[in-house]
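Summary of structural features
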Amino acid sequence: MRQSIIQWFRFGSPQSFYPLAGRMIPWFWAAAAAFGIAGLWLSFFVAPTDAQQGEGYRIIFVHVPASWMSMFIYLVMAFWAGLGLALNTRVSGMMAQALAPTGALMAALSLWTGALWGKPMWGAWWVWDARLTSELILFFLYLGFMALQAAIDDPRRADKAGAILALVGVVNIPIIYFSVKWWNTLHQGSTINMNKAPSMAHTMLWGMLLMALCFWMYTIAVALVRVRAIILERERHTDWVKHAVE
Amino acid sequence: MNAFLATVRRDLLLALRRKSEVLTAVFFFVIVTSLFPLGIGPEPALLKKIAPGILWVAALLATLLGLPRLFAADHSDGTLEQMALSPSPLGLLVAGKILAHWLLCGLPLVLLAPVLGLQFDLDASTLGILTLALLLGTPLLSLIGAIGAALTLGLRGGGVLLALLVLPLYIPALIFGAGAVEAHIAGLGAGGHLSLLAAMLALAVFFAPWATTAAVRIALE
């Protein structure tokens, strides 16, 4: 037991994490491609056309996984940030920094595909629905996190300040979500009810799950690629980096 | 507790010796709320409807304007480091600074809001609810804003960055604060909104000075 704890902490050092990440990346890329191909095939060729929405509904195979990931990545980011703050492990802060751009990308993708879906279905690119609004605020939170880290030159301070912001954000996300939800019900009798999802065909559900797995694997792979770049940049003064780059 | 009161007193004294800085934020609040009718048109029914939102957004921005001052001067002349080294807990001193900031930036807005509300044709009971909501909401804005102010201490482009960090976190206060007034106008009763605002304030009073202190320590490293 004691041995295993030490093993885990070993990967908290950039030097031992760098090759480990390098070994894992191809596997996650391969998994992302496999899930992606299977998911796209299922969602475009196998899943039936929706009775009410026609072919346009197929955008949810990208939209729903992107929305899930945008929320989940923030939690993972806050987890790494908190870990870095508590244990003072350097790789944790780097992981949080590496995840933020992907999280922002997912939030932007979710908003964009949502708008593309909304125009034919609701007749509007944007409505002030609770979910749309809270997704937009989540996007702002990602931007704030990245802007704060970019503004601080000292990487250790950037990590810690970012960690506090991420933790404050994670406490606030449920508050923001419910406040937006109640605000929405107070203001307008919601004409669009997204809660009563029509019973979904099994193939549709499977397509969505496969696409979600694809997004997961993509996120892990791209975060590891990014964390490797961050490690090289921050540890450029060390000997092992000079050997690794050669 | 003495250290807390001493910090409040010190910050108030310092601010009152440079009155213009405090008054700028207050006049900003007055000017911004007066600009909206000019931009939208003088129709009383419309103005009455959008008044709570306008007053709240203006209060948000006016609070934001005063936030960089919270720690910046003490950071640049080294007072903040002395505070961190002092025997009294830094959290207490930071809480004192936040309270002083609210007394200087938040309380004037609360007192001015009923006067500005008259410009928008709000009746007496609505003005009362508006003042009460701001009384609960502006300390919340100061508390949350202090975290952002401490995080952006001494950074390039700190002011704009502060807005980007803090404004998304202000959204719940805006929703329930303006919502309280709107619910009252609609005859639904503002109790629920005010309770939620008070609950968020209680949470923030407990957590925000703590997070701010952690952020100040990081900035001082």
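**Things to note about the overall build of chain A**
In terms of regular secondary structure, chain A is built from eight helices and zero strands. Sequence separation of 24 or more characterises 79% of the internal contacts of chain A that already satisfy a separation of 6 or more.

**Digging into the overall build of chain B**
Looking only at helices and strands, chain B features nine helices and zero strands. In chain B, the succession of helices and strands from N to C terminus is α-α-α-α-α-α-α-α-α. Expressed along its principal axes, the backbone C-alpha trace of chain B runs to roughly 55 × 30 × 30 Å. A separation threshold of at least 6 residues defines the contact pool for chain B, and within that pool the share at least 24 residues apart is 79%.

**Considerations on the packing of helix 4 (residues 90-122) of chain A against helix 5 (residues 130-151) of chain A**
Residues and elements named next belong to chain A. For the pair helix 4 and helix 5, interaxial distance at closest approach is 9 Å and the crossing angle is 150°. One element, helix 4, and the other, helix 5, form an angle in the roughly antiparallel class. As helix 4 packs across helix 5, the resulting crossing turns out to be left-handed. Between helix 4, through Gln97, Ala100, Pro101, Gly103, Ala104, Ala107, Ala108, Ser110, Leu111 and Gly114, and helix 5, the contact on the second element is made entirely by Leu132, Glu135, Leu136, Leu138, Phe139, Tyr142, Leu143, Phe145, Met146 and Gln149. Its residues assigned to classes, the contact of helix 4 with helix 5 comprises 14 nonpolar, five polar and one charged.

**Re helix 5 of chain A**
Helix length check: helix 5 of chain A (22 residues) gives 31 Å between terminal C-alpha atoms against 32 Å at 1.5 Å per residue, within 8%. Listed as buried for helix 5 of chain A are Thr133, Ser134, Glu135, Ile137, Leu138, Phe139, Leu141, Tyr142, Gly144, Phe145 and Leu148 of chain A.

**Considering unusual backbone geometry**
The backbone phi angle of Asn88 of chain A is positive, close to 60°, even though this residue is not glycine. The class for Asn88 of chain A is partly exposed, based on 13 C-beta atoms found within 10 Å. A positive phi angle is found at Asp121 of chain B, which is not glycine, with a value near 65°. Among the structural elements, Asp121 of chain B can be located in the loop between helix 6 (90-119) and helix 7 (124-151). The exposed category is assigned to Asp121 of chain B, around which 12 C-beta atoms lie within 10 Å.

**Some remarks on the confidence of the model for chain B**
Residue and element names in this part refer to chain B. Taken over all residues, the pLDDT of chain B has a mean of 89, while the share at 70 or more is 100%. The weakest mean pLDDT in chain B belongs to helix 4 (residues 69-76) at 86; the strongest belongs to helix 7 at 92. Overall fold confidence for the complex sits at a pTM of 0.86, while the interface term, ipTM, reaches 0.85.

**A look at the nonpolar core**
Membership of the largest hydrophobic core comes to 144 residues, with the highest contact counts inside it found for Met77 of chain A together with Ile144, Ala150, Leu197 and Ala215 of chain B. If one sorts the elements of this core by residue count, helix 8 (residues 158-185) of chain B sits on top with 17 residues. Excluding anything up to four places from it in sequence, Ala215 of chain B contacts Ala161 and Ile164 of chain A together with Ile147, Ala150 and Leu151 of chain B.

**Observations regarding helix 6 of chain B**
Residues and elements named next belong to chain B. Compared with an ideal rise of 1.5 Å per residue, which puts 30 residues at 44 Å, helix 6 spans 43 Å between its outermost C-alpha atoms and is within 8% of the ideal. Considering bend angle alone, the principal kink of helix 6 is centred on Ala113 and spans about 40°; proline Pro114 follows within four residues of it. Following helix 6 by one or two positions, Asp121 has its phi on the positive side, about 65°.

**Quick notes on the interface of chain B and chain A**
Interface size, as often reported, equals the accessible area lost upon joining of the parts. The partner chain A presents 22 residues to the 21 residues of chain B that form the contact. Elements that contribute at least two residues to the side of chain B that touches chain A include exactly helix 7, helix 8 and helix 9 (191-220) of chain B. Tallied by class, the residues present in the side of chain B that touches chain A amount to 17 nonpolar, two polar and two charged.

**Structural notes on the environment of Ala72 of chain B**
Inspection of the secondary structure puts Ala72 of chain B in helix 4. Sequence separation of Ala72 of chain B and Ala149 of chain B is 77 residues, and the distance between their C-alpha atoms is 8.4 Å.

**With respect to the packing of helix 3 (residues 60-87) of chain A against helix 4 of chain A**
Residue and element names in this part refer to chain A. Contact geometry for helix 3 and helix 4: axes closest at 7 Å, N-to-C directions at 155°. As the angle between them shows, helix 3 and helix 4 are arranged roughly antiparallel. Between helix 3 and helix 4 lies a crossing of left-handed hand.

**Comments concerning the environment of Ile220 of chain A**
Residues and elements named next belong to chain A. By secondary structure assignment, the location of Ile220 is in helix 7 (residues 202-234). The class of Ile220 is buried, set by 20 C-beta atoms lying within 10 Å. As for Ile220 and Ala98, which are separated by 122 residues in sequence, their C-alpha atoms are 9.9 Å apart.

Conventions we followed
- Residues numbered from 1 in each chain as written.
- Chains lettered and ligands numbered in written order.
- Predicted model: local features only at pLDDT ≥ 70, side-chain atom pairs only at ≥ 80, totals over all residues.
- Helix = DSSP H or I, 4+ residues; strand = E, 2+ residues; numbered from the N terminus.
- Contact = placed C-beta atoms within 7 Å.
- Axes fitted to C-alpha atoms, helices over the stretch in contact; angles between N-to-C directions.
- Parallel < 35°, antiparallel > 145°, perpendicular 65-115°, else oblique.
- Left-handed = near helix turned anticlockwise from the far one by under 90°.
- Nonpolar A, V, L, I, M, F, W, Y, C, P; charged D, E, K, R; others polar.
- Expected span 1.5 Å × (residues − 1).
- Buried ≥ 20, exposed ≤ 12 C-beta atoms within 10 Å, placed from the backbone.
- pLDDT = per-residue confidence, 0-100.
- Core = buried A, V, L, I, M, F, W, Y, C linked by C-beta atoms within 7 Å.
- Bend = angle between axes of the 7 residues up to and from the residue.

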